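Letter by letter, the chains look like this.
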Amino acid sequence: MPASGESIERMELTFRATPAAARSTLPGGWLLWCLVGCGLGIGGWLAGRQQLNRSFRQQLAQATTSAQAWAAIDGLATLSPEASLEIVTGLENPDPVIARTAFRRLEDLLALWQTLDPATAVQRYEQLAQRLDRFAPHAPPDNHRLASTLASRLYGVCYAEGSPAVASTLELCRRIIDRNSGFSEQLNRLEDEIQRTAT
């Protein structure tokens, strides 16, 4: 308590509130930023898949051991249906072990495609036949035989379906098979066998 005669000074405190920051003038601005973020994320994901596809293709083309080839083949097979067609690159490899590894994986894919809905399966058959039709002419003869064998199996699958949708695939397969002597007879035997089992 102050002594008498001393004046009491009062301190006046005033508080001033600063106005809130002006809100965004764009209605739904946060939604716009979310969409931009999603778009960037999807774009990055697609670019990453394309980079992986290129990397696996290059690894398969330059593989010197079956382990390297198998890793690239497995990566391509799991990446996407379009990427799995690049496994044909392994069929063109001069190393017979790598070529047979690619052949076995393509056979597995052919069996898997038979379980898909018919429209998707027909599309995959056509894509495989087109890729086999572009098979490297400089590949060793054994590799061409593997490609022809795969084409004859694809032909058998498509012929057994009997759908008009596979007509172009059958034509491509016949052209691939005809490139190697001796496979035309194999094709005729295959057709006869399919007709016998169908009746």
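Residues numbered from 1 in each chain as written. Predicted model: local features only at pLDDT ≥ 70, side-chain atom pairs only at ≥ 80, totals over all residues. Heavy atoms only, no water.

Novice: So what about the overall build of the protein chain? Which residues, and what values?
Specialist: A tally of regular secondary structure across the protein chain gives nine helices and zero strands. The secondary structure elements of the protein chain, listed N-terminal to C-terminal, are α-α-α-α-α-α-α-α-α. Taken over 199 residues, the protein chain has a buried fraction of 37%. For the protein chain, the exposed surface amounts to about 13000 Å²; the carbon and sulfur share of it is 57%. (Helix = DSSP H or I, 4+ residues; strand = E, 2+ residues; numbered from the N terminus. Buried < 20%, exposed > 50% of the residue type's maximum accessible area, 1.4 Å probe, protein only. Areas by Shrake-Rupley, 256 points an atom, 1.4 Å probe, with all protein chains shown as cover.)

Novice: Go over the packing of aromatic side chains with me, naming the residues and quoting the values.
Specialist: Overall, the coordinates contain one aromatic pair when judged by the stated rule. For the ring pair Tyr155 and Tyr159, a centre distance of 5.8 Å and an interplane angle of 15° mean the geometry is stacked. One end of the pair is Tyr155 and the other is Tyr159, both in helix H7 (residues 141-161) and four residues apart, which spans about a single turn. When its relative accessible area of 5% is taken as the criterion, Tyr155 is described as buried. (Phe/Tyr/Trp six-rings, centres within 6.5 Å; stacked < 30°, edge-to-face > 60°.)

Novice: Help me get a handle on the pattern of salt bridges, residues and values and all.
Specialist: Taken as a whole, this structure holds five salt bridges when the rule is applied. Between Glu107 and Arg153 there is a salt bridge; the shortest N-O distance is 1.5 Å. In this pair, Glu107 is assigned in helix H5 (residues 96-113) and Arg153 in helix H7, connecting sequence segments 46 residues apart. A salt bridge links Arg145 to Asp142; the nearest nitrogen and oxygen atoms lie 2.4 Å apart. Within this pair, Arg145 and its partner Asp142 are both found in helix H7, separated by three residues, close to a single helical turn. On the accessibility criterion, Arg145 (41% relative accessible area) is partly exposed. Residues joined by salt bridges that share partners form a network here, namely Asp133, Arg175 and Arg179. (Salt bridge = Lys/Arg side-chain N within 4 Å of Asp/Glu carboxyl O.)

Novice: Describe in detail the nonpolar core, supporting the description with residues and values.
Specialist: Nonpolar side chains tend toward joint burial in soluble globular proteins. Core analysis: the biggest nonpolar cluster contains 44 residues, and Ile87, Leu91, Leu106, Tyr125, Leu128, Leu132 and Leu154 have the highest contact counts within it. Contributing elements (two or more residues each) for this core: helix H1 (29-61), helix H2 (66-79), helix H4 (88-91), H5, helix H6 (118-133), H7 and helix H8 (167-178). Those residues in contact with Tyr125 that lie beyond four places of it in its chain are Leu110, Trp113, Gln114, Leu154, Val157, Cys158, Glu161 and Thr169. (Core = buried A, V, L, I, M, F, W, Y, C linked by side-chain atoms within 4.5 Å. Contact = heavy atoms within 4.5 Å.)

Novice: Break down a nonpolar patch on the surface for me, with residues and values.
Specialist: Where nonpolar side chains cluster on the molecular surface, the patch consists of Leu32, Trp33, Val36 and Leu40 and spans about 470 Å² of accessible area. Structurally, Val36 is set in helix H1. (Patch = residues over 30% accessible without salt bridge, like charges linked within 9 Å, V, L, I, M, F, W, Y side chains within 5 Å.)

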